[in-house]
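Each chain, written out:
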Amino acid sequence: KRHLISATDLTRDDAVLILDTAEELARVADRPIKKLPTLRGRTVVNLFFEDSTRTRISFEAAAKRLSADVINFSAKGSSVSKGESLKDTALTLEAMGADAVVIRHHDSGAPHRLATSDWIGGCVVNAGDGTHEHPTQALLDAFTLRRRLTEGPNGGVGGDLEGRRVTIVGDILHSRVARSNLHLLTTLGAEVTVVAPPTLLPIGVAHWPCAVSYDLDSVLSKSDAVMMLRVQRERMNAAYFPTEREYARRYGLDGDRMARMPEHAVVMHPGPMNRGMEITAEVADSPRCTAVEQVSGGVSVRMAVLYLLLGGAGPADTTPADTTR
Ligand code: CP
């Protein structure tokens, strides 16, 4: 039984296999018949205890494009509101035959608890847990970076991120996206810099394998990609937080700052965005911003993760599904 709980679960070879498989699967999206029969008869449960737009919908789309049956569970409106535990929720889903459980939870460690329990028999995929990790977000970010910044064999996409300079800006303290990206990008050989006000950096950041800066302007010209993060007010005490105006002035990305980035450099955002705060509308809507590409790449990456966990370990079979069945 295999799981994906943390970006640290992945070796460089594992990550490259997922990204290459996602490239293969992305070609399916360009065909008239977008479905593959690979996971026919398997059941994927989306178990979401915390709100989500992109991750939940893209896991659902990914599982359906692989012909899996999908059960969507949202804690809101479920018996969780009556006090039902994670264990009893998991046992209920197991009784319905889940082959994979994609879990988002407000508690860091909930996916690990599920994966190491005997409550369910299937694979567990972490779709974001508290402030801990969001490994498929990091994979789709790497997928986007490979497409935008590298050339693969024969001039195609899928090159190496070795030595590429990625700057992650904003609420590092509360960001599972930053943690997973730091691990994965480092595994893939990229150089990471984190930029934030001191109050939005974790205490142990000096021990992280990255450079740390409080000054966004000083790193822009040395970045191949600048990844802007949302300030997660819902996870913080007001005392941590500078005023919105002050934050935007010092750490927000606007057109003037974007113009100081190298011509080839891209702006990334995992979403949801706070337009006007960490990113202006001008930047968010510019062709240099990959936010929408990140979402579409996310479907291919999540197809690859489900395929490799549930389907097989070799190159993806991209023979279309017989949609009449
Ligand atoms: N990037 C991301 O995880 O977005 P959602 O919270 O909408 O899933």
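Since we're looking at a predicted model, the values are computed, not measured.

S.K.: What should I look at first to understand the site of the ligand in this one?
M.R.: Around the ligand sit S52, T53, R54, T55, G128, H134, Q137, P270, G271 and P272, and those are all the residues in its vicinity. Summarising the domain contributions, the shell around the ligand has at least three residues from each of domain 1 (7–133 + 294–311) and domain 2 (135–290).

S.K.: So what exactly am I meant to see when it comes to the sheet that holds strand β8 (residues 225–228) here?
M.R.: Within a beta sheet, neighbouring strands are joined by backbone hydrogen bonds and run either parallel or antiparallel to one another. Taking strand neighbours across the sheet as the criterion, the 5 strands line up as β7-β6-β5-β8-β9 in an open arrangement whose pairing is parallel. Of all the strands in the sheet, the pair left with one neighbour each is β7 (211–213) and β9 (266–268). Neighbouring strand axes in the sheet, compared pairwise and without regard to direction, differ in orientation by 20° on average. As paired elements, strand β5 (residues 165–169) and strand β6 (residues 191–195) share 5 bridges and run parallel to each other. Counterpart to T167 in the pairing with β6 is T193.

S.K.: Help me understand the domain arrangement of the protein, please; the structure alone is not making it clear to me.
M.R.: Accessible area lost upon the coming together of the parts serves often as the stated size of an interface. Each assigned domain of the protein is listed with its residue range as follows: domain 1 (7–133 + 294–311) and domain 2 (135–290). Computed over C-alpha atoms only, the centres of domain 1 and domain 2 are separated by 25 Å. Between domain 1 and domain 2, the residue contacts involve 27 residues of the former and 27 residues of the latter. Within the residue set of the side of domain 1 that touches domain 2, elements represented by two or more residues are α1 (12–26), β4 (123–129) and α11 (291–311). Considered class by class, the residues forming the side of domain 1 that touches domain 2 number 10 nonpolar, 10 polar and 7 charged.

S.K.: It is not clear to me how the nonpolar core should be interpreted in this structure. Could you clarify?
M.R.: For soluble globular proteins, the rule of thumb is that nonpolar side chains tend to be buried together. With 95 residues, the main nonpolar core has A100, V101, V102, A142, V169, V226 and L306 as its most contacted residues. Split by domain, the residues of this core number at least three in each of domain 1 (7–133 + 294–311) and domain 2 (135–290).

S.K.: Would you take a moment to explain unusual backbone geometry for this structure?
M.R.: Note: most peptide bonds trans; most residues except glycine with negative phi. Residue G271 is joined to P272 through a cis peptide bond whose omega torsion reads -5°. On the secondary structure map, P272 appears in the loop between β9 and α10 (281–284). For S67, which is not a glycine, the phi torsion comes out positive at approximately 70°. With respect to the helices and strands, S67 occurs in the loop between α2 (54–65) and β2 (69–74).

S.K.: Looking at this model, I keep getting lost on the packing of helix α5 (residues 135–149) against helix α6 (residues 176–187). Mind explaining?
M.R.: Packed helices, taken two at a time, are described by the angle their axes make and the gap between the axes. Axis separation between α5 and α6 bottoms out at 8 Å; the angle between their running directions is 55°. Taken together, the axes of α5 and α6 are oblique relative to one another. Along this stretch, α5 crosses α6, giving a crossing that reads as right-handed. Across the interface between the two elements, P135, Q137, A138, L139, D141 and A142 of α5 pack against V177, S180, N181, L184 and L185 of α6. Residues of the contact of α5 with α6, tallied by class, amount to 7 nonpolar, 3 polar and 1 charged.

S.K.: I tried to follow the UniProt feature "binding site: L-aspartate" (unreviewed entry) in the protein on my own but got confused; where do I start?
M.R.: Those places that UniProt annotates as "binding site: L-aspartate" (unreviewed entry) correspond, in this numbering, to K82, R176 and R230. A stretch of 149 residues holds the annotated residues, and the largest C-alpha distance among them is 31.3 Å, long enough that they do not meet in one place. Take K82: it is sitting in the loop between β2 and α3 (86–95). Positionally, R230 belongs in the loop between β8 and α8 (244–251). For R230, a count of 19 C-beta atoms within 10 Å puts it in the partly exposed group.

Rules and cut-offs
Residues numbered from 1 in each chain as written. Predicted model: local features only at pLDDT ≥ 70, side-chain atom pairs only at ≥ 80, totals over all residues. Near = placed C-beta within 6 Å. Domains from an automatic or database assignment. Pairing = 2+ DSSP bridges. Helix = DSSP H or I, 4+ residues; strand = E, 2+ residues; numbered from the N terminus. Axes fitted to C-alpha atoms, helices over the stretch in contact; angles between N-to-C directions. Contact = placed C-beta atoms within 7 Å. Nonpolar A, V, L, I, M, F, W, Y, C, P; charged D, E, K, R; others polar. Core = buried A, V, L, I, M, F, W, Y, C linked by C-beta atoms within 7 Å. Buried ≥ 20, exposed ≤ 12 C-beta atoms within 10 Å, placed from the backbone. Parallel < 35°, antiparallel > 145°, perpendicular 65-115°, else oblique. Left-handed = near helix turned anticlockwise from the far one by under 90°. UniProt positions renumbered as here; feature names shortened; annotations may be inferred.

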